[in-house]
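Descriptive structure summary
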Amino acid sequence: MPIRSLIAGCGSYLPERSLSNVELAQAYGLDTSDEWIVERTGIHNRHIAAPDETASTLGANAARAALARAGMRADEIDLIVVATATPDSAFPSTAVRIQALLGSTRGFGFDISAACTGFVYALNVADNFIRSGQVKTALVIGAEVFSRIVDWTDRGTCVLFGDGAGAVVLRAGEGEGTAADRGILSTHLHADGSFGDLLFVDGGAGSNGTAGKLRMTGNAVFRHAVSKLADVVDEALAANGLGHSDVRWLVPHQANRRIIDAMGRKLKLPPERVVVTVDRHANTSAASIPLALAEAAGDGRIQPGDLVVMEAIGGGLTWGATLARF
Ligand code: UT7
């Protein structure tokens, strides 16, 4: 019987401080308005990490919540994969920092760099470790502190992002061929580095020694998002012999309400079947999907047996989609 990665628990963590559009504009003296931000993005608020919070502390809090949901202990986890574009430092990885914060010395861990698509990439990596039999359990975490890398003088980008973390516990199980047919069905990843200058950080943890800031040509990324996400979702459904009508929930990357709505319409899903957090969290990059997943699984919207589509696009460009049955 082939092994599947079953989703055993989801958890999330948001920094305490929530900043509204009006507060943000005032705090940074920006020539913007609540009206513009809401109309163009759907964002009303975002959370901002406290000075002593980092990707690893946010990620560890999300991991604790996911482990509690799964009814598991940290020392039962074989693998930790963290998707982040804002690691605490170049090394040690955020994953092993989280392992230490969780008080575990078991297994191994590493970070994935795929910007806003990072969680989908990380899920695929962990799924392959489980399917191959190398590990039996994995924590997949998206943790971001974008408030540290946005340029607070650039109204075109700083209003879009927020901080937070989400985590999922995966457990090896027999899904395929069973009556329930549960777990991660497949993940489809893409990248096209020729679009690297559309969304990037101009320095930072890399080798050039400067503290970088995020730069984005938003309208060009928007156009790529609408077409590439539609294509990769169709690719994922076709690979599993499924159609739009089989999808119960869309849990998309939360960059812009207009992109999310376009994907919901494309899948012919009623709005209540699309999980939206961008209004309260803004874009938390690799953390946005697990944050949304934890919310919808935690409040009982996503039920066992439900087919969930996750999709994301981000810097690289990178993009991808995962199909999972809870
Ligand atoms: O998570 C990774 C993937 N990222 C995304 O998917 C983001 C995709 N892009 C977007 O979500 C949208 O392109 C944005 C929300 C970033 C921008 O919306 P847009 O409708 O594409 O606006 P635009 O960039 O074409 O700018 C339109 C106007 C410009 O003014 P002019 O040149 O027309 O006079 C901007 O200067 O809006 C202006 N503008 C603002 N005005 C008030 C840009 N930012 C702001 C602002 N407040 N914060």
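Scroll up to find the structure this text is about.
Here the structure is a predicted model, which means the values were calculated and not measured.

Bringing the sheet that holds strand β5 (residues 108–112) into the picture now. Here five strands make up an open sheet; going across it, the order is β1-β7-β6-β4-β5 and the pairing mixed. Because the sheet does not close on itself, it has two edges, and the strands there are β1 (4–13) and β5. In this sheet, adjacent strand axes meet at a mean angle of 20° when their direction is disregarded. Sheet topology places strand β4 (residues 79–83) next to strand β6 (residues 137–145); five bridges connect them, and they run parallel. Pairing of Ala83 across the sheet is with Gly142, part of β6. Sitting on the sheet, helix α5 (residues 118–131) is in contact with β1, β4, β5, β6 and β7 (163–173), with an inclination near 165° to β6.

Neighbouring residues of the ligand: 23 residues in total, closest Thr32, Arg40, His253, Asn256 and Asn283. Trp36 places a polar side-chain atom, nitrogen or oxygen, 3.4 Å from a nitrogen atom of the ligand. One of the side-chain nitrogen or oxygen atoms of Asn256 is found 2.7 Å away from an oxygen atom of the ligand. Within the complex, the protein chains bury 72% of what would otherwise be the 960 Å² of accessible surface of the ligand.

This brings us to the sheet that holds strand β8 (residues 183–191). If you walk across this open sheet you meet the four strands as β8-β13-β12-β11, and the pairing is mixed. Because the sheet does not close on itself, it has two edges, and the strands there are β8 and β11 (249–252). Taking each pair of neighbouring strands and ignoring which way they run, the sheet shows an average axis angle of 15°. Strand direction decides the pairing type here: β8 and strand β13 (residues 318–325), joined by eight bridges, are antiparallel. Looking at the pairing, Thr187 lines up with Thr322 of β13.

Along the chain, Phe91 connects to Pro92 via a cis peptide bond; the corresponding omega equals 0°. Mapped onto the elements of the fold, Pro92 is located in the loop between β4 and α4 (94–101). Following Gly316, the chain continues to Leu317 via a peptide bond in cis, the omega torsion being -10°. The phi dihedral of Ala282 is positive, around 60°, even though this residue is not glycine. Ala282 gets classed as buried once you look at its relative accessible area, which sits at 0%. For Ser285, which is not a glycine, the phi torsion comes out positive at approximately 55°. In this structure, Ser285 sits in the loop between α9 (278–281) and α10 (288–298).

Calculation criteria
- Residues numbered from 1 in each chain as written.
- Predicted model: local features only at pLDDT ≥ 70, side-chain atom pairs only at ≥ 80, totals over all residues.
- Heavy atoms only, no water.
- Pairing = 2+ DSSP bridges.
- Helix = DSSP H or I, 4+ residues; strand = E, 2+ residues; numbered from the N terminus.
- Axes fitted to C-alpha atoms, helices over the stretch in contact; angles between N-to-C directions.
- Contact = heavy atoms within 4.5 Å.
- Near = heavy atom within 4 Å.
- Polar contact = N/O pair within 3.5 Å; in protein donor to acceptor, adjacent residues only side chain to side chain.
- Areas by Shrake-Rupley, 256 points an atom, 1.4 Å probe, with all protein chains shown as cover.
- Buried < 20%, exposed > 50% of the residue type's maximum accessible area, 1.4 Å probe, protein only.

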